[in-house]
Amino acid sequence: SLDEWVGSGQRYPAFAQIGRGEFLPRYISYERYLEPESYQKHLQAAQVVVGHCGIGTILSCNDQSIPVIVVPRRHDLQEHRNDHQMATARQVEARGLARVVWDERRLGEVLQEILSGNGTAPALHNEREQLGHNLNRTVDRFLSSGGKLA
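Here's what I pulled together on the structure shown here. (Residues numbered from 1 in each chain as written. Predicted model: local features only at pLDDT ≥ 70, side-chain atom pairs only at ≥ 80, totals over all residues. Heavy atoms only, no water.)

So, on to the overall build of the protein chain. Helix and strand content of the protein chain: six helices and five strands. Going from the N terminus to the C terminus, the protein chain shows its helices and strands as α-β-β-α-β-α-β-α-β-α-α. A burial count over the protein chain gives 37% of its 150 residues as buried. In the protein chain, 44% of the contacts between residues at least 6 apart in sequence involve partners at least 24 apart. Of the roughly 9,400 Å² that the protein chain leaves accessible, carbon and sulfur atoms contribute 47%. (Helix = DSSP H or I, 4+ residues; strand = E, 2+ residues; numbered from the N terminus. Buried < 20%, exposed > 50% of the residue type's maximum accessible area, 1.4 Å probe, protein only. Contact = heavy atoms within 4.5 Å. Areas by Shrake-Rupley, 256 points an atom, 1.4 Å probe, with all protein chains shown as cover.)

The phi torsion at serine 65 lies on the positive side, around 55°, for a residue other than glycine. You can see serine 65 is positioned in the loop between helix H3 (55–63) and strand S4 (68–70).

Turning our attention to the environment of phenylalanine 142. Looking at the secondary structure, you find phenylalanine 142 in helix H6 (residues 128–144). Given the relative accessible area of 3%, phenylalanine 142 is considered buried. A C-alpha to C-alpha distance of 8.0 Å links phenylalanine 142 and alanine 87, two positions 55 residues apart in sequence.

Membership of the largest hydrophobic core comes to 14 residues, with the highest contact counts inside it found for Ile69, Val101, Leu107 and Leu111. Examining the composition of this core, we find that four residues originate from one element, helix H5 (residues 107–115), more than from any other. Not counting chain neighbours up to four residues away, the residues in contact with valine 101 comprise Ile69, Val70, Val71, Pro72, Arg106, Leu107 and Val110. Formed by 13 residues, the second largest nonpolar core is a distinct cluster that contains Leu43, Ile66, Ala98 and Val100. (Core = buried A, V, L, I, M, F, W, Y, C linked by side-chain atoms within 4.5 Å.)

Turning to H5, its buried residues number three or more, namely Leu107, Gly108, Val110, Leu111 and Ile114. The buried side chains of H5 occupy one side of the element, clustering within an arc of 165° when seen end-on. For H5, the elements touching its buried residues are helix H1 (2–6), strand S3 (49–51), S4 and strand S5 (99–100). Phi for glycine 117, located one or two positions after H5, is positive at around 85°. (Arc of directions from axis to C-beta.)

Here we take up the packing of aromatic side chains. Summed over the entire model, instances satisfying the criterion amount to one aromatic pair. Look at tryptophan 5 and tyrosine 12: their rings are 5.5 Å apart centre to centre, the planes differ by 5°, and that puts the pair in the stacked class. (Phe/Tyr/Trp six-rings, centres within 6.5 Å; stacked < 30°, edge-to-face > 60°.)

A sheet is described by the order of its strands in space; here three strands give the open sequence S3-S4-S5, paired in parallel fashion. A single partner strand is all that each edge strand has here, and the edge strands are S3 and S5. Two strands pair when backbone bridges link them, and S3 and S4 are joined in this way by three bridges, in the parallel orientation. In the strand pairing of S4, valine 49 is matched with valine 68. The strands touched by H3 are S3 and S4; relative to S4, the strand with the most contacts, the crossing angle is about 160°. Packing of H5 onto the sheet brings it into contact with S3, S4 and S5, and relative to S4 it is tilted by some 170°. (Pairing = 2+ DSSP bridges. Axes fitted to C-alpha atoms, helices over the stretch in contact; angles between N-to-C directions.)

Nothing here speaks to function; it is all geometry.
Spelled out as structure tokens, the structure:
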């Protein structure tokens, strides 16, 4: 996890918005929820953002040239009610909007690549409307299929 990677040595300052989940970070600062102004301050201070596939976060990071790493929540691990984040992550990765970490054990490696300047940051994306339309269509198709990915 990000918390373990940062560790007690605080190799990099880190902050997390954790929502209502049960996990409480041991090594990084966190808030359950942020007001928009506070969220923007944290975002602007970030060298890299790690998230679970929120398209608003991904597009905000792209707009501000902040590298973003996506770790989609998985239904088979009971992290989410279905695999819509996996479908979204495939779309995001195919468009070069974020680095997708499919195996959480690789998160530290990818973070180190980006923070050391050896990793590639996602391309900036100027086709926001088309991306939103494609993602909505993919999610709608997924939901109408009863949660089966084609």
